[in-house]
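# Structural features, examined
These are the residues of each chain, in order.
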Amino acid sequence: MEIFTQQLINGLVLGSIYALVALGYTMVYGILELINFAHGEVTMIGAMVALTVIGALVGLNPELPGLIVVLGGVLVAIPACMALGFAIEKVAYRPLRHAPRLAPLITAIGMSIILQNAAMLIWGRQYVSFPPLLPQERHEILGAHITDLQIFIVVLSFAIMGGLWLLVERTRLGRAMRATAQSKEVAQLMGVNVDRIISATFIIGSALAAIAGVMVSAYYGLAHYYMGFMLGLKAFSAAVLGGIGNIAGAMLGGLLLGVIEALGAGYIGDITGGFLGSHYQDVFAFFVLIGVLVFRPSGLLGERVANRA
Amino acid sequence: MCSPSSCLSACWCSGPPACWASASPTGPRRGRAVLRVPGLAFLYSRPGLAFVLLAVLLAALPFMVGGGLGNSWVRVLDFVLLYMLMAIGLNIVVGYAGLLDLGYIAFYALGAYFYAWLASPHFGLHLPFWMVLPMGAAFAGLFGVLLGAPTLRLRGDYLAIVTLGFGEIIRIFMNNLNAPFNLTNGPQGMNLIDPVKLAGVSFGKPLHVLGMTVPPTYLYYYLFLALTLLAIGVAMRLQDSRVGRAWAALREDEIAAAAMGINTRNTKLLAFAMGATFGGLAGGLFAAFQGFISPESFTLWESILVLCMIVLGGMGNIAGVLLGAALLTIIPEALRYLGDLQRATIGHVVVDPADLRMLLFGVALVSMMLFRPSGLMPSRQRKRELAAEDGVAEQERADLYDSRA
């Protein structure tokens, strides 16, 4: 039972991070029907920028309270990622808006490679560690441990997701985004500046990615130029699981995938009689992905794509 | 002489000359007016002579390269041929049938591991090369069908993502199947894999013949060359066969193809199986050539690299695919000289060329798509599709699933 609760908690924490990243995939896919492969790398750049700023702040004044230092890092990382997201769309996707699908898919992969290797040149190949600035006190729930950081991650993710939901459902910008996702042409006829909406989508998604990047590096205590790749694939799996193009779906998918992964890693040894161990953690996302695409391609909450079939 | 449609039949009736010349990366493009160099016109009027010259060139290439650039470049040449084999296989799946496969390297890996299982001290089996290689290719082909079967309804991006997931699953298993029983030796990889041994000649040692010493890399070159030429022949025959036309129909419009009586399921599965078989073949050769394999060699980036080869060269066009494979194998190797250049000019290495390699690769991908999306040597058909003015591109974007989904 303790294992179950513990893994459930771990899964929820991880899942809320996946959900934040998955939102970026799902919003872009909803509007452009493009898998933005570079999104995972934006997350990684967010973490790296934040860590650099944090390192500089600690170097300047070691007495600064940890929360302020981390906040400073996040506040630099967010605009940096927003600019990056905007630039990626402008350079790699906008000129190919009317090209066949394969072309933007390949530029997306290309951008991902560029960002990953640029990060490697800037920050090096080694792991960058996240200084222990955040409160790590442990609390006990039902025999399982949860740290302040974990609670903080989950609460903040839910707050951000709530904010995003309000933005999409209640504001003018949100309405324009939904209209663009429905039909670019008609939205344009109705006076929506589609190019600006698409840019806005990339900017918002990248801001969420920046926050997720800081969260994930704080959670694991390190960042690496390669971290965005797997994170991005898992977040994409989460988006597909929830129903790609569907914002609530991305949130649900992210949480579910985190829980599946954590429980799977915790129990796979018992289920297979020790044949497979917890190092197969990364496999679950892909099995979920393939399973969903094969049996319910529209995802759990998705209907948009199903309508098109 | 070599018009696009009559080329293959002409090939097989009157001997291979003209077509082999046009299928080589250096030869004239299929279906285009041949570029006539003054003074060399006799080559074009006498395809037999061109063929002989090409054959001599290909036979002498390792000696020329080895003598001029050093023996490490003969190794690069071997890899060019291996990547050509893979690119030809992936071109069947992506270029002919239009099924975007981002997990192609998994089949290469399966072929390589299969070879290692049957011909290394790992299980103490040392089966002969001529048995292991076809079995490995068939094994990979079987997995091609296994992957293809559940994904039949998927198209476009979704198919790409599923195949990507499949590739990652295979890689994770390769990385971890060293316990509880040791199948893949985990991240350490498998070594001491038997070299190719044909007709009593082991390719692991230099061969002494006619007073010359032929190093193993040269021997592998000739083996790979023979198999690549065979693969080119098969792929070209396939393209204009009944199956090839069914693939093209599938790629252009799946619903219309089904309405015309094409069995879309079998046709797709066959494309996956054929592609995977070529991948498995290349993988087995890779294992024998290297004598060592590890999961490191079978990452997603390798899949993407092979995909880029066929996109760069010109998808669906064999000559383009070969050109793409050659360029993307040779350029990164040539970039190594950037390190020497930095040392010579600035005195020390500022940016390690190995680090720069992938960055340049990414830049090349993006700019290629922006400026020349149909590749360096586009097949006429694909070029029309990628031009996007007519309805084909719009329609490719339209549906993710076929009507029966």
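An account of the accompanying structure is given in this report. (Residues numbered from 1 in each chain as written. Chains lettered and ligands numbered in written order. Predicted model: local features only at pLDDT ≥ 70, side-chain atom pairs only at ≥ 80, totals over all residues. Heavy atoms only, no water.)

On to the overall build of chain B, then. Within chain B, the secondary structure is distributed over 18 helices and eight strands. A buried classification covers 52% of the 405 residues belonging to chain B. Considering only residue pairs separated by 6 or more positions, chain B has 72% of its internal contacts joining residues 24 or more positions apart. Surface exposure of chain B reaches about 17000 Å², of which carbon and sulfur atoms provide 66%. (Helix = DSSP H or I, 4+ residues; strand = E, 2+ residues; numbered from the N terminus. Buried < 20%, exposed > 50% of the residue type's maximum accessible area, 1.4 Å probe, protein only. Contact = heavy atoms within 4.5 Å. Areas by Shrake-Rupley, 256 points an atom, 1.4 Å probe, with all protein chains shown as cover.)

So, on to the overall build of chain A. Within chain A, the secondary structure is distributed over 12 helices and four strands. Relative to a compact globule of 309 residues, whose C-alpha radius of gyration would be 19 Å, chain A shows 19 Å and is just as compact. The principal-axis extents of the C-alpha atoms in chain A amount to approximately 55 × 50 × 35 Å. Across the 309 residues in chain A, those meeting the buried criterion constitute 60%. Restricting to contacts in chain A with at least 6 residues of sequence separation, those with at least 24 account for 77%. (Rg over C-alpha atoms; globule rule 2.2 N^0.38 Å.)

To continue, consider the nonpolar core. Grouped together as the largest cluster of nonpolar side chains are 229 residues, with contacts concentrated most on Phe 37 of chain A together with Ile 293 and Phe 298 of chain B. The leading source of residues in this core is helix 5 (residues 72-96) of chain B, at 19 residues. (Core = buried A, V, L, I, M, F, W, Y, C linked by side-chain atoms within 4.5 Å.)

On to the pairing of strand 2 (residues 138-141) of chain A, then. All names here are of chain A. The sheet contact formed by strand 2 and strand 3 (residues 144-147) spans four bridges and is antiparallel. Across the sheet, residue Arg 138 finds its bridge partner in strand 3, namely Thr 147. Where strand 2 hands over to strand 3, the hairpin turn is made up of two residues, of which Leu 142 adopts a positive phi near 50 degrees. (Pairing = 2+ DSSP bridges.)

What follows covers the pattern of salt bridges. Residues and elements named next belong to chain A. Counting across every chain of the model gives eight salt bridges over all chains. When the shortest N-O distance is used, the salt bridge between Glu 89 and Arg 97 registers 2.5 Å. For Arg 97, a relative accessible area of 12% corresponds to the buried category. With a shortest N-O distance of 3.4 Å, Lys 234 and Glu 261 are connected by a salt bridge. Of this pair, Lys 234 sits in helix 9 (residues 227-242) while Glu 261 sits in helix 10 (residues 247-271), and the two are 27 residues apart along the sequence. Note on accessibility: Lys 234 and Glu 261 belong to one class, buried. Several salt bridges converge on common partners, so that one network encompasses Glu 89, Arg 94, Arg 97 and Asp 195. (Salt bridge = Lys/Arg side-chain N within 4 Å of Asp/Glu carboxyl O.)

A separate point is unusual backbone geometry. The backbone phi angle of Glu 33 of chain A is positive, close to 55 degrees, even though this residue is not glycine. Its location among the elements puts Glu 33 of chain A in the loop between helix 1 (2-32) and helix 2 (39-60).

Below, the discussion takes up the interface of chain B and chain A. Counting residues at the interface gives 49 residues for chain B, matched by 54 residues for chain A. Between chain B and chain A, a total of about 4700 Å² is buried, with carbon and sulfur atoms accounting for 75% of that surface. Linking chain B with chain A are zero residue pairs in polar contact (both at pLDDT 80 or more), by the criterion used here. Elements supplying a minimum of two residues to the side of chain B that touches chain A: helix 8 (156-176), helix 13 (300-313), helix 16 (353-371), helix 17 (380-387) and helix 18 (391-398) of chain B. Per-element accounting of the side of chain B that touches chain A gives the leading share, 14 residues, to helix 8 of chain B. Its residues placed into classes, the side of chain B that touches chain A shows 37 nonpolar, three polar and nine charged. (Buried area = accessible area lost by both parts, 1.4 Å probe. Polar contact = N/O pair within 3.5 Å; in protein donor to acceptor, adjacent residues only side chain to side chain. Nonpolar A, V, L, I, M, F, W, Y, C, P; charged D, E, K, R; others polar.)

Let us look at the side chain of Asn 36 of chain A. Residues and elements named next belong to chain A. Residue position: Asn 36 is located in the loop between helix 1 and helix 2. Among the residues examined, Asn 36 registers a relative accessible area of 4% and is labelled buried. Among the polar contacts made by the side chain of Asn 36, one reaches the side chain of Tyr 93 at a distance of 2.7 Å. If we ignore the near neighbours within four places in the chain, the residues touching Asn 36 are Tyr 25, Val 28, Tyr 93 and Phe 202.

Turning next to the packing of aromatic side chains. Residues and elements named next belong to chain B. With the rule as written, the count across this model stands at 24 aromatic pairs over all chains. Ring geometry for Tyr 113 versus Phe 298: centroids 6.0 Å apart, planes at 55 degrees, classification tilted. Note that Tyr 113 is positioned in helix 6 (residues 105-118) and Phe 298 in the loop between strand 8 (292-293) and helix 13, a separation of 185 residues in sequence. Summarising the burial analysis for this pair, Tyr 113 and Phe 298 share the class buried. (Phe/Tyr/Trp six-rings, centres within 6.5 Å; stacked < 30°, edge-to-face > 60°.)

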